[in-house]
Amino acid sequence: MKNGRIAVPSNGQGGLDGTRSGHFGHCEVFTFIDVENGEIKNISTLQNQEHVQGGCMVPVNLLAEHKVNALVVGGIGMRPLMGFRQVGIDVYHDSERAEIKPVVDDLIAGKLQIIANDQVCGGGGMNPA
Amino acid sequence: MIHILLVSSDKDFFTDLASNTEENVDLSISRASSGSNALSMISGNRFELVVSDESLSDMTGLEFMKKLVSTNPMINCAAVSSLSSEDFHAASEGLGILMQLPPCPDKTHAENLLQHLKHILSITNTAGGLN
């Protein structure tokens, strides 16, 4: 990824040195990483909104309104994934690492995979939104 | 105006929600008799909520929800199911269904559903600021 804004669901205060939240819809904050010419140019955070049953489109609209281009999740349900696709946000998957920075570095380097339909939550072991 | 689509082969399905239109002038209720009929209606019209019966003439309610979510994820949905809440959660995981309704939902369910829907619609359109 050479240019754009990456969002990472984060614990606590967030930030590049923080840790990722396993439940993107329930996360406390989103860490935003702005990338220009393959380099990190700016870090910011955005407070997540209230999570309610069936409110999958709340974070979708929130991130779309903040011009996010890519999202990295540990797990996601079918409905929010389809929502992100509809608003043009690419969803990447890494269910192994808790730290934000190495995952972001891999995304910028093109080493992360976009999540596939058969990797969504639903009868499996992933963490839903 | 909140547009709601009720999907059931029973023309009297969830009449308590439909009767709410008399009390809530901001509701518009439409009906579809099957899953495929509903998907066709959804492709050409705006709906904020789709409520499906447990069994439709051409698919189950949950099968319909999966088709709906894969093509129209922005639409909120509720579904009738006789499963326990735990089993329903497992069966519908990832579909983002805002409420499980019992067979033959009544006026109380209608009021709770509308209240929950209005809350979701209010926060869906509210974006926070960057720190």
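For the structure, see preceding data.
For clarity, every value in this text was computed on a predicted model and none was experimentally measured.

1. Some points on the overall build of chain B
Reasoning step 1: Helix and strand counts for chain B come out as five helices and five strands.
Reasoning step 2: Starting at the N terminus and walking to the C terminus, you meet the elements of chain B as β-α-β-α-β-α-β-α-β-α.
Reasoning step 3: Radius of gyration (C-alpha) of chain B: 14 Å, near the 14 Å computed for a compact globule of 131 residues.
Reasoning step 4: Looking at chain B alone, contacts between residues at least 24 apart form 61% of all its contacts between residues at least 6 apart.

2. Section: the sheet that holds strand β5 (residues 90-93) of chain A
Residues and elements named next belong to chain A.
Reasoning step 1: Ordered in space as β3-β2-β1-β4-β5-β6, the six strands form an open sheet in which the pairing is mixed. On the outer flanks of this sheet lie β3 (39-47) and β6 (113-114), each paired with one strand and no other.
Reasoning step 2: Two strands pair when backbone bridges link them, and β5 and β6 are joined in this way by two bridges, in the antiparallel orientation. The residue of β6 that forms the bridge with histidine 93 is glutamine 113.

3. Focus on the interface of chain A and chain B
Reasoning step 1: Contacts between chain A and chain B engage 29 residues on the former and 22 residues on the latter.
Reasoning step 2: Only β3, α1 (57-65) and α2 (78-86) of chain A provide two or more residues apiece to the side of chain A that touches chain B.
Reasoning step 3: Here the side of chain A that touches chain B takes six residues from α2(A), the largest share from any one element.
Reasoning step 4: The residue makeup of the side of chain A that touches chain B, split by class, is twelve nonpolar, 14 polar and three charged.

4. Some details on helix α3 (residues 100-108) of chain A
Residue and element names in this part refer to chain A.
Reasoning step 1: For α3, the full list of buried residues reads Ile100, Val103, Val104 and Leu107. Down the axis of α3, the buried side of the element spans an arc of 100 degrees, and every buried residue falls inside it.
Reasoning step 2: On its buried side, α3 packs onto β1 (4-10), β2 (29-36), β4 (70-73) and β5.
Reasoning step 3: Once α3 ends, the next one or two residues include glycine 110, with phi positive near 80 degrees.

5. Considering the nonpolar core
Reasoning step 1: Of all hydrophobic cores here, the largest spans 66 residues; its most connected members are Ile6(A), Leu71(A), Leu5(B), Val7(B), Val50(B) and Ala78(B).
Reasoning step 2: Residues in contact with Val7(B), not counting those within four places in the same chain, are Ala32(B), Gly35(B), Ala38(B), Val50(B), Val51(B), Ser52(B), Asp53(B), Leu56(B) and Phe64(B).

6. Regarding the environment of Ser95(A)
Reasoning step 1: Structurally, Ser95(A) can be placed in the loop between β5 and α3.
Reasoning step 2: Along the sequence, Ser95(A) and Ser44(A) sit 51 residues apart, while their C-alpha atoms lie 23 Å from each other.

7. Focus on the sheet that holds strand β5 (residues 99-101) of chain B
All names here are of chain B.
Reasoning step 1: Reading across the sheet, the five strands line up as β2-β1-β3-β4-β5 and stay open at both edges, with parallel pairing between neighbours. The outermost strands of the open sheet, each flanked by one partner alone, are β2 (27-32) and β5. For this sheet, the mean angle separating the axes of adjacent strands, direction not counted, is 20 degrees.
Reasoning step 2: Direction of pairing for strand β1 (residues 2-7) relative to β2: parallel, over a ladder of six bridges. By the bridge assignment for β2, valine 7 is matched with alanine 32.
Reasoning step 3: In the packing of helix α3 (residues 61-71) onto the sheet, the strands contacted are β1, β3 (49-52) and β4 (76-80), and the crossing angle to β4 comes to about 170 degrees.

Cut-offs applied
Residues numbered from 1 in each chain as written. Chains lettered and ligands numbered in written order. Predicted model: local features only at pLDDT ≥ 70, side-chain atom pairs only at ≥ 80, totals over all residues. Helix = DSSP H or I, 4+ residues; strand = E, 2+ residues; numbered from the N terminus. Rg over C-alpha atoms; globule rule 2.2 N^0.38 Å. Contact = placed C-beta atoms within 7 Å. Pairing = 2+ DSSP bridges. Nonpolar A, V, L, I, M, F, W, Y, C, P; charged D, E, K, R; others polar. Buried ≥ 20, exposed ≤ 12 C-beta atoms within 10 Å, placed from the backbone. Arc of directions from axis to C-beta. Core = buried A, V, L, I, M, F, W, Y, C linked by C-beta atoms within 7 Å. Axes fitted to C-alpha atoms, helices over the stretch in contact; angles between N-to-C directions.

Shape descriptors only; they carry no functional weight alone.
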